Amino acid sequence: MAQSTSELPLQLIDSVVIRFAGDSGDGMQITGSQFTHTAALFGNDLATFPDFPAEIRAPAGTQPGVSGFQIRFAASDIHTPGDAPDVLVAMNPAALAVNIKDLKPGGTVVVNTGQFGDADLAKAKLTSNPLKDHSLDAYRVIEVDINKRVIEALQGSTLSPKEVQRCKNFYTLGLMYWLYNRDLEPTLKWLSEKFAKEPAMVEANQKALRAGYNAGDIHELFQGRYEVPRCEVLPAGTYRNIMGNQAVSLGLIAGAELAGLKIFIGSYPITPASPILETLASYKHFGVLSMQAEDEIAAVCAAIGASYAGHLGVTSTSGPGLALKQEGIGLAIAIELPLVIVDVQRGGPSTGLPTKTEQADLLQAVFGRNSEAWLPVVACATPSDAFECAVEACRIAVQYMTPVILLSDGYIANGSEPWRLPKIEDLKPFPASFRTELENFLPYDRNADLARPWVKPGTPGLEHRVGGLEKAHLTGHISYDAENHEFMVNMRAAKVMKVRDSIPTPQVHGPQKGKVLILGWGSTYGSIWGAQEKLAEEGLEVARMHLRHVWPLPHGLAEIFARYETVLVPEMNLGQLVRLLRSELPGVNFQSYPKVQGQPFRVHELTAKVKQLLGR
Amino acid sequence: MPDDIVPTTTAPKPAPLDKKAYKSDQEVRWCPGCGDYSILNAVQQLLATLGVPRHQLCFVSGIGCSSRFPYYMNTYGLHSIHGRAPAFATSIKTANPDLQVWLATGDGDGLSIGGNHMLHMLRRNVDVKVLLFNNQIYGLTKGQYSPTSPPGLKTKTSPMGSVDRAVDPIRFALGCGATFIARTIDTHQKHMLAVLEAAAKHKGTAFVEIFQNCVIFNDGCFDDVIERSVRDDKTVDLVPGKPLVFGKQLDKGVKIDAAEARVVTAAEATPWDPSTRSAAGAFVLSEMAEQPGNPTPIGIFRSISAPTFDEGMNKQVQTAIAKRGAGKLKDLLWTGDMWDVK
Ligand SMILES: Cc1ncc(C[n+]2csc(CCOP(=O)(O)OP(=O)(O)O)c2C)c(N)n1
Ligand code: SF4
Ligand SMILES: [Mg+2]
């Protein structure tokens, strides 16, 4: 596998966290995803955390323009991309300045000295050179003039000097591959496919990658090399690496297939949700009709229209788009049609932090419409969990004839992890049925789930009208009757609450009673699990539990919560789930732990909070 | 049906149905004398004549007096939300292409809150027939000025007269690149039937502006033009293939001359062709009524053929399936770089 004949011994380690940081134009996202790809194929467990600015190319060399990609790869089962990097790769002074505070004490920082001139320091607003002012004394600093090294490596290339410099990220990647004894083959192959039409680019980048790798040996930059063995402790099965947005997309297609329906997705581009529309648009051979609508309102309305016409209507967006869709969603609630709305949450309010993560749309999802407009809300916990959650959202939508909001967030959307592929025969179908019998047809009749019949327009003899005006029970005729209105309001709410009968009570992991239960929802999953493990290592046993169904809340929570002195609820908002819980389950000692920095929880933040609760 | 069995009879031509078959069991609740009644009547009449089966019809609307339309049709119908009917109609036609989709909207619904969606449906050329009830007022909300109200109109929200300039629905549709654009009058059944028939037969978005009288909040706003005693002299009917003649005696004509439309004698009238590559002629006609003394054009301003959105979308699906085979769940999930953990 390793291509070099290095004399240096390989040291085995369990887990490593690397952060690649550079200018938005330095290709750090590609570097990180290639490292990820290689680690996945090698069989490591892994978790990634891309963190980039909202601007496509923020002013070069400035601190706001720094783009980072953190990957943790491991021989054991891990749950987060790691609190602090072991290795920081800084392509310029700005990247160093922004990220150095996160590096582990004694950690390694690889610095591209080719980008450390006075002008570069000035762009980063640094008054002294960190390479010279001893501010890095606590770390192991590896200085490499990557700018120069790629020029040397690519001598004789037909590429322009500017294009040569663009190969820097692959040189850097090569260096890291050497350090962790990684196979170059997957990236070499990826390059030849990616730039198939530009052979000169393939050659140059491959050369840069190899040069970086060989530099590890030749220049004796590092004292040792490391090996992170395959992870053999994950549950047996076949895996592939998956990002959250991709998993949502596949889950929607799978959900529609399991329902026996075709998808119609109406969406409007918005960070960080756009890849869902892009991905679904590439699956037209699954019968997917994908429409880039003129705005989010048209997007949701088109999705509802498609459900009305007999497809599974889907729309994907982020918080600002969800706000625009809410009136339309209210109509879908009134006319009781299936619809899946994906909200990939980002920092807000307003445009907020488009590329950063947050969980502050929960109340918007549960309550954000005019009047009593209830709907079920499902939340993804991790990139791979997003697949199951998307299937689950489709199931609920079809079974209960209701819109369902599926919450994801920027951290899940762009992060990735190994996904154990489900066996197709294990995916349970939930076929939609379309009413065709004429006898006793009533558009607002209900089955045991309180769902009304779904009729495809075009069915002879069942012509009827639906709309947003209040409907009479059973006939669906317009009705302004006072009692009927109250009856229908209650009926729609009861139907949503009925979803509880089809969802399991979430499992408690850890002690079944005791001082602290950490309760999470959404993307706090990995951090909470990591914190629980860390505390256990220190001899502190706490329980954890995660909610996939955030509305309606599953049965059985009160009994479980009663067994703990405190239920700690960490959320990337000001305590939105806690508000729901306090009103639904009074009497439980819920402790809110809010964090709204556009960044996921670090494990050490959670352990510190728990210790504080435990009086340690 | 097995290939070797040849059907002995061809499918019967749809027989004209009874107009009553298209009436729903719901009581019509427009104000007595409202122009909406005659539009409903004309549509039911037309569909009966064309013999379109009721289950293949879908009426979509937004919100407004006019948007109550679907409730009165014994067909499939969706009364949606204010302004957004074009988005619903677009996906209904695309997801269920066998339906004949009609859209009922008002001047506020279609051109104010829903102007954006109307623009995009028109440019996409979705196969939908649009009935734009223009009463130059917000009826349902009791009489505020609308984007088609003439400047200066005094309403509850414009007690000193509206300062807004008005939008002309025809020019709006021309600007959007609509493939069929027409105008008709609620009180002129014969004309309305002819125009609606042409709209029904058009493939693509057929945009029909209907001068509609709101007896309560804007009574008589079109009387100058449509009142029976003056109508023949104050309107010129744009009939494809016919010269632009008008007047009780059909002695007057309209000549399109460079960027101007002038009243001339019938003999000099321009023969009307709404299918020319350039929409300039239609545009010139759409402006002519602003000159005092000129007639108001009604009839078919534009009729061209262009690919429709709904067919394009479905063709892409068929092409993708032909190229890559119909997608299978297993291939969806079990693909790309995979590895095993034992
Ligand atoms: C989101 C929203 N805003 C406002 C309204 C109130 N509203 C209902 S109909 C209407 C205007 C209708 O005017 P028009 O489309 O011209 O229809 P008409 O009643 O004249 O036929 C308004 C403002 C609404 N229903 N929904
Ligand atoms: S208010 Fe005007 S538009 Fe509405 S029903 Fe009455 S007359 Fe017709
Ligand atoms: Mg109106």
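Quick caveat: nothing in here was measured; it's all calculated off a predicted structure.

**Looking at helix 8 (residues 199–218) of chain A**
Residue and element names in this part refer to chain A. An ideal rise of 1.5 Å per residue puts 28 Å on 20 residues; helix 8 measures up with 28 Å between its terminal C-alpha atoms. All buried positions along helix 8 are accounted for by Met201, Val202, Ala204, Asn205, Gln206, Ala208, Leu209, Gly212, Tyr213, Ala215 and Gly216. Positive phi shows up at Glu220, right after helix 8, with a value of about 45°.

**Comments concerning helix 7 (residues 185–194) of chain A**
Count 3.6 residues to each turn of an α-helix, and residues three or four apart come out pointing the same way. Those residues of helix 7 of chain A that fall on the buried side of the exposure criterion are Pro186(A), Thr187(A), Leu188(A) and Leu191(A). Those residues of helix 7 of chain A that are buried lie in contact with helix 1 (28–42), helix 6 (168–179) and helix 8 of chain A.

**A few points about the packing of aromatic side chains**
The full count for this structure, using the stated rule, is 24 aromatic pairs over all chains. Where Phe367(A) meets Trp551(A), the ring centres are 6.2 Å apart and the plane angle is 55°; that geometry is what we call tilted. Taken together, the positions of Phe367(A) in helix 13 (residues 362–367) and Trp551(A) in strand 20 (residues 549–551) put the pair 184 residues apart, joining distant regions of the chain. Judged by relative accessible area, Trp551(A) falls into the buried class, the value being 5%. An aromatic cluster is defined as three or more aromatic residues linked by ring pairs; in this entry it consists of Trp30(B), Tyr37(B), Phe59(B), Phe69(B), Tyr72(B), Trp102(B) and Phe133(B). The ring of Tyr444(A) is capped by Arg452(A), whose NZ or CZ atom sits 4.8 Å from the centre of that ring.

**Notes on the coordination of the magnesium ion (ligand 3)**
Coordination of the magnesium ion (ligand 3) by the protein is provided by Asp107(B) (OD), Asn135(B) (OD1) and Ile137(B) (O), with metal-donor distances spanning 2.0 to 2.2 Å. Along the chain, the residues donating to the magnesium ion (ligand 3) fall in the pattern D-x27-N-x1-I.

**Some thoughts on the domain arrangement of chain A**
It is common to give the size of an interface as the accessible area lost on bringing the parts into contact. Residues and elements named next belong to chain A. Domain parsing of chain A yields domain 1 (10–227), domain 2 (240–426) and domain 3 (514–614). One C-alpha centre belongs to domain 1, the other to domain 3, and the line joining them spans 36 Å. Facing the eight residues of domain 1 at the interface are 10 residues of domain 3. Contact between domain 1 and domain 3 buries roughly 740 Å² in total, counting both sides, with carbon and sulfur atoms accounting for 51%. Interface area lost by domain 1 to domain 3 is led by Phe49, His79 and Asp83, which between them contribute 69%. Here domain 1 and domain 3 share one salt bridge between them. Considering only residue class, the side of domain 1 that touches domain 3 consists of one nonpolar, two polar and five charged.

**Examining the pairing of strand 22 (residues 590–594) of chain A**
Residue and element names in this part refer to chain A. Two strands pair when backbone bridges link them, and strand 21 (residues 564–571) and strand 22 are joined in this way by five bridges, in the parallel orientation. Counted as the bridge partner of Val569 is Ser592 from strand 22. For the crossover that starts at strand 21, traverses helix 19 (residues 576–584) and ends in the parallel strand 22, the hand is right-handed.

**Considerations on the pattern of salt bridges**
Enumeration according to the criterion identifies 30 salt bridges over all chains in this entry. Residue Glu294(A) pairs with Arg124(B) through a salt bridge whose shortest N-O separation is 2.8 Å. One end of the pair, Glu294(A), is in the loop between strand 11 (289–292) and helix 11 (296–308); the other, Arg124(B), is in helix 4 (residues 115–124), on a second chain. Taking the relative accessible area as the measure of exposure, Arg124(B) reaches 10% and is therefore buried. Among the ionic pairs, Asp257(B) bridges to Arg262(B), the shortest N-O distance being 2.5 Å. Beyond isolated ion pairs, a larger network of salt bridges with shared partners links Asp168(B), Arg171(B), Arg183(B), Glu209(B) and Glu290(B).

**A closer look at the site of ligand 2**
All residues in the neighbourhood of ligand 2 are listed as Trp30(B), Cys31(B), Cys34(B), Cys65(B), Asn135(B), Gln212(B), Cys214(B), Val215(B), Ile216(B) and Phe217(B). Here the residues of the shell around ligand 2 sort into eight nonpolar, two polar and no charged.

**Side note on the sheet that holds strand 9 (residues 237–243) of chain A**
As summarised here, the arrangement of the three strands in space is 16(A)-9(A)-12(B), forming an open sheet in which the pairing is antiparallel. Bordering the open sheet on either side are strand 16 (416–420) of chain A together with strand 12 (338–341) of chain B, each of which pairs with just one other strand. Geometrically, the sheet is characterised by an average inter-axis angle of 40° between neighbouring strands, direction not taken into account. Here strand 9 of chain A pairs with strand 12 of chain B via four bridges, running antiparallel. Its bridge partner being in strand 12 of chain B, Arg240(A) is matched across the sheet by Met338(B). Across the sheet, helix 1 of chain A touches strand 9 and strand 16 of chain A together with strand 12 of chain B, and the angle it forms with strand 12 of chain B is around 40°.

**A word on the side chain of Ser38(B)**
All names here are of chain B. Along the chain, Ser38 turns up in helix 1 (residues 36–50). Ser38 sits in the buried class, given a relative accessible area of 19%. For Ser38, the contacting residues outside a window of four places in its chain are Asp186, Gln189 and Met192.

**Focus: the packing of helix 6 of chain A against helix 7 of chain A**
All names here are of chain A. Two elements in contact, helix 6 and helix 7, have axes whose closest approach is 11 Å; the angle formed by their N-to-C orientations is 160°. Comparing their axes, helix 7 and helix 6 come out roughly antiparallel. Of the two elements, helix 6 crosses helix 7, and the hand of that crossing is right-handed. On helix 7, the residues that touch Phe170, Leu173 and Tyr177 of helix 6 are Thr187, Trp190 and Leu191. Tallied by class, residues from the contact of helix 6 with helix 7 come to five nonpolar, one polar and no charged.

**Digging into the site of ligand 1**
Residues and elements named next belong to chain B. Around ligand 1, the structure places 16 residues, and the nearest of them are Cys65, Ser66, Asp107, Gly108 and Asp109. Between ligand 1 and Asp107 there is a distance of 2.6 Å, counted from an oxygen atom to a side-chain nitrogen or oxygen. With the chains in place, 77% of the 580 Å² that ligand 1 exposes on its own is no longer accessible. With three residues, helix 3 (residues 107–113) is the largest single contributor of residues to the shell around ligand 1.

**Some points on the interface of chain A and chain B**
Facing the 76 residues of chain A at the interface are 58 residues of chain B. Interface area for chain A against chain B, summed over the two sides, is near 5,600 Å², with a carbon-plus-sulfur share of 64%. Among the residues of chain A in contact with chain B, His285(A), Glu294(A) and Arg465(A) are the three that bury the most area, contributing 14% of the side total. Counting across the chain A and chain B interface gives two salt bridges. One can count 33 residue pairs in polar contact (both at pLDDT 80 or more) joining chain A with chain B. Among the elements that line the side of chain A that touches chain B, the one with the most residues is helix 11 of chain A, at eight residues. Across the side of chain A that touches chain B, the residue classes break down as 43 nonpolar, 21 polar and 12 charged.

Reading guide: rules and limits
- Residues numbered from 1 in each chain as written.
- Chains lettered and ligands numbered in written order.
- Predicted model: local features only at pLDDT ≥ 70, side-chain atom pairs only at ≥ 80, totals over all residues.
- Heavy atoms only, no water.
- Helix = DSSP H or I, 4+ residues; strand = E, 2+ residues; numbered from the N terminus.
- Expected span 1.5 Å × (residues − 1).
- Buried < 20%, exposed > 50% of the residue type's maximum accessible area, 1.4 Å probe, protein only.
- Contact = heavy atoms within 4.5 Å.
- Phe/Tyr/Trp six-rings, centres within 6.5 Å; stacked < 30°, edge-to-face > 60°.
- Lys NZ or Arg CZ within 6 Å of the ring centre and 35° of its normal.
- Donors = N, O, S within 2.8 Å, 3.2 Å for Na, K, Ca; no water.
- Domains from an automatic or database assignment.
- Buried area = accessible area lost by both parts, 1.4 Å probe.
- Salt bridge = Lys/Arg side-chain N within 4 Å of Asp/Glu carboxyl O.
- Nonpolar A, V, L, I, M, F, W, Y, C, P; charged D, E, K, R; others polar.
- Pairing = 2+ DSSP bridges.
- Right-handed = clockwise from strand over helix to strand, strands pointing away.
- Near = heavy atom within 4 Å.
- Axes fitted to C-alpha atoms, helices over the stretch in contact; angles between N-to-C directions.
- Parallel < 35°, antiparallel > 145°, perpendicular 65-115°, else oblique.
- Left-handed = near helix turned anticlockwise from the far one by under 90°.
- Polar contact = N/O pair within 3.5 Å; in protein donor to acceptor, adjacent residues only side chain to side chain.
- Areas by Shrake-Rupley, 256 points an atom, 1.4 Å probe, with all protein chains shown as cover.

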